[in-house]
Amino acid sequence: MGRKKESDENSSKSEYGEPAQFDSTFNGPINKRGCTDIICCILFMAVILGYMVVGILAWLYGDPRHVLYPRNSTGWFCGTGVNKDLPNVFYFDILKCATTTNLMAAALNGFQCPTTQVCVKECPNVFWGLRPDAYLPQSRPVAFFNQSLCVPSVDLATTKFNPKELVDRELCPFFYTPTTPVLGRCLPDITVLGNIPAYFSEVPGLSSDINDTINTIKNGTGDIVNGFNAREIGVRIFEDFATAWPWILVGLLIAMLVSMLFLLLLRFTAPVMVWVLIVGLLGAGAYGIWHCYWEYDNFKTASATITDIGFTTNFNTYLQVQETWLAFLIIISVAEAIILLTIIFLRTRILIAIALIQEASKAIGHMMSALVYPLITFVLLLVCVAYWGITALYLATSGGPVYKVVALNSTEDNCMSVNGTVDCNPTTFNSTAFPGCLSARCIFIKYNDEGLLQRNLFNLQIYNAVAFLWCVNFVIALGQCTLAGAFASYYWAFTKPSDIPMFPLTAAFMRSLRYHVGSLAFGALILTLIQIVRILLEYIDHKTRSAQNACARFLMCCLKCCFWCLEKFIKFLNRNAYIMIAVYGKNFCVSAKNAFMLLMRNVVRVVVLDKVTDLLLFFGKLLVVGGVGVLSFFFFSGRIPLPGSSFRSENLNYYWMPIFTVVVGTYLIAHGFFSVYNMCVDTLFLCFLEDLERNDGSVQKPYYMSKNLMKILNKSNKAPKRDKERN
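For the structure given in this document, a descriptive report is provided here.

Reading the values: rules and limits
- Residues numbered from 1 in each chain as written.
- Predicted model: local features only at pLDDT ≥ 70, side-chain atom pairs only at ≥ 80, totals over all residues.
- Heavy atoms only, no water.
- Phe/Tyr/Trp six-rings, centres within 6.5 Å; stacked < 30°, edge-to-face > 60°.
- Helix = DSSP H or I, 4+ residues; strand = E, 2+ residues; numbered from the N terminus.
- Buried < 20%, exposed > 50% of the residue type's maximum accessible area, 1.4 Å probe, protein only.
- Lys NZ or Arg CZ within 6 Å of the ring centre and 35° of its normal.
- Patch = residues over 30% accessible without salt bridge, like charges linked within 9 Å, V, L, I, M, F, W, Y side chains within 5 Å.
- Areas by Shrake-Rupley, 256 points an atom, 1.4 Å probe, with all protein chains shown as cover.
- Salt bridge = Lys/Arg side-chain N within 4 Å of Asp/Glu carboxyl O.
- Pairing = 2+ DSSP bridges.
- Axes fitted to C-alpha atoms, helices over the stretch in contact; angles between N-to-C directions.
- Parallel < 35°, antiparallel > 145°, perpendicular 65-115°, else oblique.
- Left-handed = near helix turned anticlockwise from the far one by under 90°.
- Contact = heavy atoms within 4.5 Å.
- Nonpolar A, V, L, I, M, F, W, Y, C, P; charged D, E, K, R; others polar.

Bringing the packing of aromatic side chains into the picture now. Inspection of every chain in the model, using the stated rule, returns 20 aromatic pairs. Considering the side-chain rings of W492 and Y704, the 5.1 Å spacing of their centres and the 70° angle between planes classify their relative orientation as edge-to-face. Of this pair, W492 sits in the loop between α15 (457-491) and α16 (504-515) while Y704 sits in the loop between α21 (656-694) and α22 (707-712), and the two are 212 residues apart along the sequence. Of the two residues examined, W492 and Y704, each falls in the buried class. Consider the rings of F569 and F596, whose centres lie 6.4 Å apart with planes at 85°: the pair is edge-to-face. You can see F569 sitting in helix α18 (residues 550-584) and its partner F596 sitting in helix α19 (residues 588-600), a full 27 residues away along the chain. Residue classification places F569 among the partly exposed positions, given a relative accessible area of 39%. If you follow R131 out to its NZ or CZ, it ends over the ring of Y199, 3.9 Å from the centre.

Shown next, in the form of structure tokens:
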């Protein structure tokens, strides 16, 4: 029987590779190593260079002012350049912007409307309309119009045009209402349209029914104003941040200290916390069993059965019958029994997981600089996101402006032929070239999309997105490999902490950059390709959702689920491959294979450690985020007053905004600290498994694991003979 059991163990081990062999020269991460996955390294560098070229092209040909600043009719930006003191654009006839049936309005981009637009310092805040007496021959324009709201080239004091000609040529507006600046556009303030003066019914060019005018403006611009009127809210939020930012920083500092304290104390509290969570889970199951039996007994007495109600879509009805609660009772009882038996039979492995968690806390205590490394990863990720966003913005705004000759008043004689097909230059345009059409203007239509760069704009945006994903995954991989190298140095130090090398984190970072850029890029590329497939599936699902039948939706759901699982598996495999790369310096494929085989030879320990660690870290995140969140709620809502402080919660416009900021910041801080801890546990676990396979506790092959782990496994290191003789 003993030989049969031994042969079974050997066959199972050979199925997943041979155990690691003892190497007398091995004492931690190998220093003598060479560059790995050179081809992938060259490919990654080429992609980075191409990414830089794309960024340069976008910077040369793009102009983000297209998005940041509004334009007037001639294409000049408001709020910059010659119009630096005129940040807003004013529309002469807002009704033309509001009319959805206007063909020219449909052809123009964004807020470009088929009406004259001028840059103004302030948006008008009163009702005004050109009365009929202004159309009399002796009327002077300076008596009726506002110079700041007319075309800059017109001087009302010296112009030869009368008011009617100014209106017909759209050199001055014939009416306006109170407006509010929305993203630099003067849009009607729909909240005061009910106060429109009665004389507006007499203004030539407007409807004789004031209600029609009001409804036209509301229908055309109400959604825009309501949807994009973020400036006022943004200003209030900015004021809240300006008032509360010191206390927000205090809250984030508390979160950092609590997270750090929680991790450092795990060496003492991990056993208690893990067993409390396990007992709590069993207790919750026991309560569920009791409650289901109590409900079952009540309905059994009431003689309510499922045959009495039959089939119904009302789920609450099924909660009134005894069979439902009997089913719940059986399911929870079986689950409770499985959990209990699992804990009983796997108690040793749970103890190993707890000991590794405690050892990870000790390792972090000896390498406090590791807790700072997430800041480096965060900065690098921020650079990637910023570069991607800026490049995407510049690419989207590449191409010069296109100007066309447009008749702003198509009802005039001889204006039917002026239909926006003739190119023009706003700096040299002269309306006399179009006799009979007084309202002919050279206005901005769109941005050029016919150049070589513009024709390949979609491909460049795709390149931008793919390179961004690859860079982000590479940065994450670099962080994981660096931390793994540092924590592996801790584990393979025989006498801790004296044998731990100097600056292990810096040494691991330099090794990763010098030798393993190709391997890290290889793993990041595999993950990037899977993420691209997931993005394509989401895009296809979004575009075809309305046309899908039940079978297509099921197939799409299965595909999305499969690739989600594949991404999770690749992340798990990459993580452990990076650990092996950091320790042994092999290429990605060999490291991934060795890590996978090592884990499969110890699959039960892997599952137990993973779930125990996940449970503990989830509870830790919940504790940190929940505690700091509750504290910030009581503080910013005024329930915890500070005597003698200049801060008052009553001065905040939205007290939930600093609370939300603190909660999100706390989660990011806790996630950063706990990711370091999780990486530490995984690294120590792989080193622990290697230690068990390489060594046997003899004088020649001593274990590197802690005494606590050796005690749990009933193992020990044999003392040298000299020590025995002295004793």
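Moving on, there is more to tell.
Let's shift gears to a nonpolar patch on the surface. A contiguous nonpolar surface patch, about 860 Å² in accessible area, is contributed by V630, F633, F634, Y655, W656, F660, V664, Y667 and L668. Contributing elements (two or more residues each) for the nonpolar patch: α20 (603-636) and α21. When residues of the nonpolar patch are assigned to their parent elements, the largest contribution, 5 residues, is made by α21. Among the structural elements, V664 can be located in helix α21.

A word on the pairing of strand β5 (residues 179-182). Both β5 and strand β6 (residues 185-188) contribute to a ladder of 4 bridges, which runs antiparallel. Each bridged residue has a counterpart across the sheet, and for T180 the counterpart in β6 is L187. Remark: 2 residues form the turn of the hairpin made by β5 and β6, two consecutive strands paired antiparallel; L183 in that turn has positive phi of roughly 55°.

Structurally, D212 can be placed in helix α7 (residues 210-228). The partly exposed category is assigned to D212, whose relative accessible area is 38%. Expressed as a C-alpha distance, the spacing of D212 and S201, which sit 11 residues apart in the sequence, is 9.9 Å.

Right, let's talk about the packing of α15 against α21 for a bit. Here α15 crosses α21 at 50°, and the two axes come no closer than 9 Å. Taken together, α15 and α21 sit at an angle that is classed as oblique. Considering the relative orientation of α15 and α21, their crossing is right-handed. Residues Q480, L483, A484, F487, A488, Y490 and Y491 of α15 form the contact with α21, whose own contacting residues are V676, M679, C680, T683, L684, C687, F688 and D691. Looking at the contact of α15 with α21, its residues break down into 12 nonpolar, 2 polar and 1 charged.

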